Amino acid sequence: MIHAISLAGGKATGYRNRWVRTRALAAKVDTTPPRGPSEPVDGPANTHVIRHAGTTLALVESGFPHALSPTLDRARVHDFDGGLSSSMTAHPKVDPETGDLVFFGYDVFGPPFLRFHVVDAAGHLVRTEDIDIPRATMIHDFGVTSTRAVFLDLPIVFDLDLAAAGHSIPFRWMPEAGARVGVMPRTGGNSDIRWISMDPSYVFHVLNAYDDGGSVIMDVVRYDKAFDTGPGEAITSSNPVLARWTVDLVANRVSEQRLDDTPVEFPRIDDAVAGQPHRYGYCARLGDIAHDPTFLGLVKYDLQRDESTRFEPGEHRSPGEPVFVRAGDGRAEDEGWVLSLVYDATRDASDLVILDATSFGGPAVATVHLPARVPFGFHGSWVPTDS
Ligand SMILES: [Fe+2]
């Protein structure tokens, strides 16, 4: 379900929600399927929503994007004019200098298990590179610098037996498969990738990555392990924390620096510095994963000063992903707002909370009381109406 809140002239001017009428949903409720091509696997389009080249796309890593009409009422399966032959990640990156949409997709049923793609600023798929990896692993996100792509081949491995048994997420933790990052020049291909082994861990989300001479700096939310608890159970028994990976392409080594001990997820930056050095990061703060795996608040990291500031949403209130909205050009990196949907259990409805990112601890600049609960979800985007 996509939720859209409109803001204009200092007021909240609208709220709507609509199911993305995917092929699987249409079959279930006996209605017209989406227009457009067939997907290799029918995806739920439930992970992220972005706008690129004027098109709103609902994304999930197991399927094709669904292009949504402006009112969100209609969906069309979108394969970039036949360019996609396997699914697309829900975490593409937009290069702020070129406007390119840079992404990958992974396939579990046969090689190539990984593909790299570039869609230009006009929405045309202009490059696809098949990438060799030895087995099908779950790859939720990746790093993109201004010159390189960084692939994560981490040991959550597709398990055909679990798939055959009908598990909706048929993957398992297999540390013996090893962990590697692959660094590829964005203009290169499979033969140009440098694969570097590292100790097993798992990363769903990358905060940002950037070039630092012969190294790539990549800040990630890192788990000791995931999908280690058995099918149908919580997906991990380890707390996710912010860490900095320095991928040294001269020494062929990845070193890790733990940046904080606070459990966090859903890391976001100012997208204007995507692929370039960033100073700030924004995350949702979790309770301890074993006892209280819920979102309790938000954190702003100042990675230059090694400081963090918390926003506490109040009792019985649980936030979602913090989305940064820049205030304009020619400004400090944190001049802007952070938007988060906060569920208020007392009201059994959600608020859109708007923080001034430069005074992150609050109070909120504005709170929009929505007439309904927005169920906990994953990711979203701020979309200026002129885009
Ligand atoms: Fe995600």
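Residues numbered from 1 in each chain as written. Predicted model: local features only at pLDDT ≥ 70, side-chain atom pairs only at ≥ 80, totals over all residues.

Enquirer: Now, about the overall build of the protein chain: what can you tell me, with residues and values included?
Expert: Of the regular secondary structure elements, the protein chain holds two helices and 29 strands. Against the 2.2 N^0.38 benchmark of 21 Å for 387 residues, the protein chain shows a C-alpha radius of gyration of 20 Å, consistent with a compact globule. Considered along the principal axes of its C-alpha atoms, the protein chain spans approximately 55 × 50 × 45 Å. When burial is assessed residue by residue, the protein chain has 42% of its 387 residues classed as buried. The contacts of the protein chain with a sequence gap of at least 6 include a subset with a gap of at least 24, amounting to 46%. (Helix = DSSP H or I, 4+ residues; strand = E, 2+ residues; numbered from the N terminus. Rg over C-alpha atoms; globule rule 2.2 N^0.38 Å. Buried ≥ 20, exposed ≤ 12 C-beta atoms within 10 Å, placed from the backbone. Contact = placed C-beta atoms within 7 Å.)

Enquirer: Explain the nonpolar core to me, using residue names and the numbers behind them.
Expert: Counting residues in each nonpolar core, the largest one holds 93 residues, and the members touching the most others are F142, V150 and F151. No other element matches the seven residues that strand β17 (residues 202-212) contributes to this core. Every residue in contact with F142, bar those within four places of it in the chain, is listed here: F104, A149, V150, F151, L152 and V206. (Core = buried A, V, L, I, M, F, W, Y, C linked by C-beta atoms within 7 Å.)

Enquirer: Explain the domain arrangement of the protein chain residue by residue, including any values.
Expert: Taken as a whole, the protein chain is organised into domain 1 (1-90), domain 2 (91-259) and domain 3 (268-387). For domain 1 versus domain 2, the separation of C-alpha centres amounts to 24 Å. Listed by partner, the interface residues are 13 residues for domain 1 and 16 residues for domain 2. In terms of residue class, the side of domain 1 that touches domain 2 is built from four nonpolar, seven polar and two charged. (Domains from an automatic or database assignment. Nonpolar A, V, L, I, M, F, W, Y, C, P; charged D, E, K, R; others polar.)

Enquirer: Which residues make up the environment of A164, and what are the values?
Expert: Within the fold, A164 resides in helix α2 (residues 160-164). Overall, the presence of 9 C-beta atoms within 10 Å leaves A164 in the exposed class.

Enquirer: Just give me the short version of the environment of A274, but keep the residues and values in it.
Expert: Turning to its location among the elements, A274 is positioned in the loop between β21 (264-268) and β22 (280-286). We classify A274 as buried; it has 20 C-beta atoms within 10 Å. Spatially, the C-alpha atom of A274 lies 14 Å from that of D212, the residues being 62 residues apart in sequence.

Enquirer: Kindly report on unusual backbone geometry, identifying the contributing residues and their values.
Expert: The residue after P111, namely P112, is reached through a cis peptide bond having omega 0°. Within the fold, P112 resides in the loop between β8 (101-106) and β9 (114-119). Residues G362 and P363 are joined by a peptide bond in cis, for which omega reads 5°. Its place among the elements puts P363 in the loop between β28 (349-356) and β29 (366-369). One non-glycine residue, D30, adopts positive backbone phi at about 55°.

Enquirer: I'd love a proper account of the sheet that holds strand β12 (residues 148-153), names of residues and values included.
Expert: Pairing in this open sheet of four strands is antiparallel, and the strands run β11-β12-β15-β16 from one edge to the other. Only two strands of the sheet have a single neighbouring strand rather than two, namely β11 (143-144) and β16 (194-198). Of the strand pairs in this sheet, β11 and β12 are connected by two bridges, and their pairing is antiparallel. In the strand pairing of β12, V144 is matched with A149. (Pairing = 2+ DSSP bridges.)

Enquirer: Run through the sheet that holds strand β24 (residues 307-311), naming residues and quoting values.
Expert: Taken in spatial order, the four strands line up as β21-β22-β23-β24 in an open sheet, and their pairing is antiparallel. Of all strands in the sheet, those with a lone pairing partner are β21 and β24, marking the two edges. Averaged over all neighbouring strand pairs, the angle between strand axes comes to 25°, with direction disregarded. Of the pairings in the sheet, the one linking strand β23 (residues 295-302) to β24 comprises five bridges and is antiparallel in character. Each residue of the ladder has a partner; that of Y301, found in β24, is S308. (Axes fitted to C-alpha atoms, helices over the stretch in contact; angles between N-to-C directions.)

Enquirer: Give me the lowdown on the pairing of β23, citing residues and values where you can.
Expert: The buried fraction of β23 amounts to six of the eight residues, a majority that puts the element mostly inside the structure. Between β23 and β24, which pair antiparallel in sequence order, lie four residues; one of them, D306, sits at a positive phi of approximately 55°.

Enquirer: So what's going on with the environment of R115? Which residues, and what values?
Expert: Considering the arrangement of structural elements, one finds R115 in strand β9. For the pair R115 and K300, spaced 185 residues apart in sequence, the C-alpha separation works out to 33 Å. Look past the residues within four positions of R115 in its chain and what remains in contact with it is S86, F104, G105, T128, E129, D130 and I131.

Enquirer: Describe the pairing of strand β19 (residues 241-248), listing the residues and the values that go with them.
Expert: As paired strands, strand β18 (residues 215-223) and β19 are joined by eight bridges and run antiparallel to one another. Bridge pairing links D219 to R244 in β19. Where β19 lies against strand β20 (residues 253-258), six bridges are found, and the strand directions are antiparallel. Considered in β20, the bridge of V247 is made with V254. Hairpin geometry of β19 and β20 is characterised by an intervening segment of four residues between the two adjacent antiparallel strands and by a positive phi of about 60° at N252.

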